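Geometric and topological summary
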Amino acid sequence: MNRLRVAVLMGGTSAEREVSLQSGRNIVAALDPEKYAIVPVEVTQWGGSDLLGTLAGVDLVFIALHGPYGEDGTVQGLLELFGVPYTGSGVLASALAMDKIRSRQIFQWYDIPVPRYVFFHEEEWRRAPQALLDQVASAIGFPCVVKPADLGSSIGVSIVRDPSGLFHALAVAFRYSRAVLVEERIAGTEITCGILDDPQTGRPEALPLVEIVPKREFFDYEAKYTPGATEEICPARIPPLLAARAQEIAVRAYLALGCRDLGRVDMFLRGEEVLVLEVNTIPGMTRTSLLPQAAKAAGMDFPALLDRVIQSALRRSGRGRQVLGNRGRIDG
C-alpha cells in the first residue's frame, strides 16, 4: 500500500519543549500506520541543513512545535520557502496569534470582547518603572495577571494581588519575553473552544466547549499537564444560548487572525459576558490536552481528529490535491 509520508515535527528550543515532545509523541503513537508512513522529527537546534534533509520527500509536515520558532510563524515560513505542505495556520496568522498584544488589538478592531489590559516593553519598565506601576494601578487595578506577550502553556504567568508583587511578577515574565501583558483578573468561568476546519469546505466549525476548573489557584503549567490537577468538563455547564454565543465569538476570533485547519480559543465567562483571552494555533495534543477532549465529545476519537487535520492541510495545497488524487481519501 502506498502510504502518505507524514513527518511529525516536535521538540524545539523554547520553554515549551517538553510539552511539544509530549504532543508529538502522542500524535506519532495515534497515527494509523496503515495510512501513513510516519517520520518522527525531534528538533534539538535550529540551523544547518539537517532538518530540511530529513523532511525531503515527505508529503506533509504535522507541526507539533509549541512556543517561539514553532508556533510563531518561523518554521511555517521555512516550510513555505521550500514548498513543503504543513498542518495549521500560515506565517501571518501564527505570528499574530502568538503575539498576545497584536492579537488583542485585532480582536478589538473586530469588536471581539477582551479583558482590560495594558502592555509595555522591558526597556520602558527599566526607564520609568513608577509610571508603569501607576498605569497598572489606574487602568487595571489589583488583583491582575502578568504574562509574557509571546509564550504559551501559562509559562511565566503570575497572579499579582498588590503593587508590591508586581516587581517580582514582571521579573519572571521578562525572563521569557521582552514584552509583557498585564490584564484584569477575571472572576468567572474559564472555558475553551476547539475549532476544526471542514476538510471539504474549509469552513471553521466549533467543537463543544470545555469548562476548566483548576484545583490550583489558576490554570498554570502544572494544572495543564498534571493528570488530575484540573477538572475539565465537556460540554461545559453553561446555558445553551450562552454556549452558542461563546462558540460564535471563538470562531470570529479564529477568523479575525486568519487561522486555518485547527485552533483553540481560550475565554472567560463573567456572567453573560464572553471575554476572549487568546487563540492557540497549535493546540496541545498531549494526553491531558483540551482539543482532543472536545473532539471526543463531538464523537471523534484521537486518530480521527488527526486524520481530519491532515485532510484539511492537504486539500488547500496544490501538492495536497495531487497526493489525495494519487492515493485516494485517507478516511476510508
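Below, the structure is looked at part by part.

How each quantity is defined
- Residues numbered from 1 in each chain as written.
- Predicted model: local features only at pLDDT ≥ 70, side-chain atom pairs only at ≥ 80, totals over all residues.
- Heavy atoms only, no water.
- Helix = DSSP H or I, 4+ residues; strand = E, 2+ residues; numbered from the N terminus.
- Buried < 20%, exposed > 50% of the residue type's maximum accessible area, 1.4 Å probe, protein only.
- Contact = heavy atoms within 4.5 Å.
- Areas by Shrake-Rupley, 256 points an atom, 1.4 Å probe, with all protein chains shown as cover.
- Expected span 1.5 Å × (residues − 1).
- Polar contact = N/O pair within 3.5 Å; in protein donor to acceptor, adjacent residues only side chain to side chain.
- Pairing = 2+ DSSP bridges.
- Axes fitted to C-alpha atoms, helices over the stretch in contact; angles between N-to-C directions.
- Right-handed = clockwise from strand over helix to strand, strands pointing away.
- Core = buried A, V, L, I, M, F, W, Y, C linked by side-chain atoms within 4.5 Å.
- Phe/Tyr/Trp six-rings, centres within 6.5 Å; stacked < 30°, edge-to-face > 60°.
- Lys NZ or Arg CZ within 6 Å of the ring centre and 35° of its normal.

Helix and strand counts for the chain come out as 13 helices and 13 strands. Looking at the 332 residues of the chain, the share that counts as buried comes to 57%. Sequence-distant contacts, at least 24 apart, represent 67% of the contacts inside the chain between residues at least 6 apart. Accessible area of the chain: about 14,300 Å², with a carbon and sulfur share of 51%.

Next up on the list: helix 12 (residues 302–315). The end-to-end C-alpha distance of helix 12, which contains 14 residues, comes to 20 Å, matching closely the 20 Å that a straight helix rising 1.5 Å per residue would cover. With respect to burial, helix 12 is a largely interior element, 11 of its 14 residues being buried. Along helix 12, the positions that sit buried rather than exposed are Phe302, Leu305, Leu306, Asp307, Arg308, Val309, Ile310, Gln311, Ser312, Ala313 and Leu314. Residue Asp301 occupies the N-cap position of helix 12, its side-chain oxygen lying 2.9 Å from the main-chain nitrogen of Ala304.

Right, let's get into the sheet that holds strand 6 (residues 158–160). Read from one edge of the open sheet, four strands run 4-7-5-6, paired in antiparallel fashion. In the strand order of this sheet, the two ends are held by strand 4 (117–121) and strand 6, each with one partner. Sheet twist, expressed as the mean angle between neighbouring strand axes with direction ignored, is 25°. Two strands pair when backbone bridges link them, and strand 5 (residues 144–148) and strand 6 are joined in this way by three bridges, in the antiparallel orientation. Residue pairing across strands places Cys144 opposite Val160, the latter belonging to strand 6.

To continue, consider the pairing of strand 1 (residues 4–11). As a general feature of sheets, a regular strand has side chains that alternate between the two faces. Most of strand 1 is tucked away: seven of the eight residues are buried. For strand 1 and strand 2 (residues 36–43), the ladder comprises eight bridges, and the chain directions are parallel. When the bridges of strand 2 are listed, Arg5 appears paired with Ala37. Crossover strand 1 to strand 2 through helix 1 (residues 17–30) is right-handed.

A few words on the side chain of Arg104. Mapped onto the elements, Arg104 comes out in helix 5 (residues 100–109). Aside from chain neighbours lying at most four places away, what touches Arg104 is Val114, Pro115, Tyr117, Lys147, Leu181, Glu183, Val276 and Leu277.

Among the nonpolar cores identified, the biggest contains 35 residues, and Phe107, Leu209, Leu257, Val265, Met267 and Val276 are the most heavily contacted of them. Sorting elements by how many residues they give to this core places helix 10 (residues 240–256) first, with nine residues. Discounting chain neighbours no more than four positions away, the residues touching Leu257 are Ala93, Leu96, Ala97, Ser103, Ile106, Phe107 and Val279. Judged by nonpolar contacts, the second largest core, of 30 residues, contains Met10, Phe62, Ala64 and Leu291.

Considering all chains together, one arrives at two aromatic pairs under this definition. Plain terms: the ring middles of Phe120 and Trp125 are 6.2 Å apart, the flat faces sit at 20° to each other, and that makes the pair stacked. Its relative accessible area of 1% is what places Phe120 among the buried residues. Put simply, the rings of Phe120, Trp125 and Phe167 touch in pairs and so form one group of aromatic residues. Just above the ring of Tyr117 sits the side chain of Arg104; from NZ or CZ to the centre is 5.5 Å.

As for its placement among the helices and strands, Ile310 is situated in helix 12. Residue classification places Ile310 among the buried residues on the basis of a relative accessible area of 0%. Along the primary structure Ile310 and Val61 are separated by 249 residues, whereas in three dimensions their C-alpha atoms are 9.1 Å apart.

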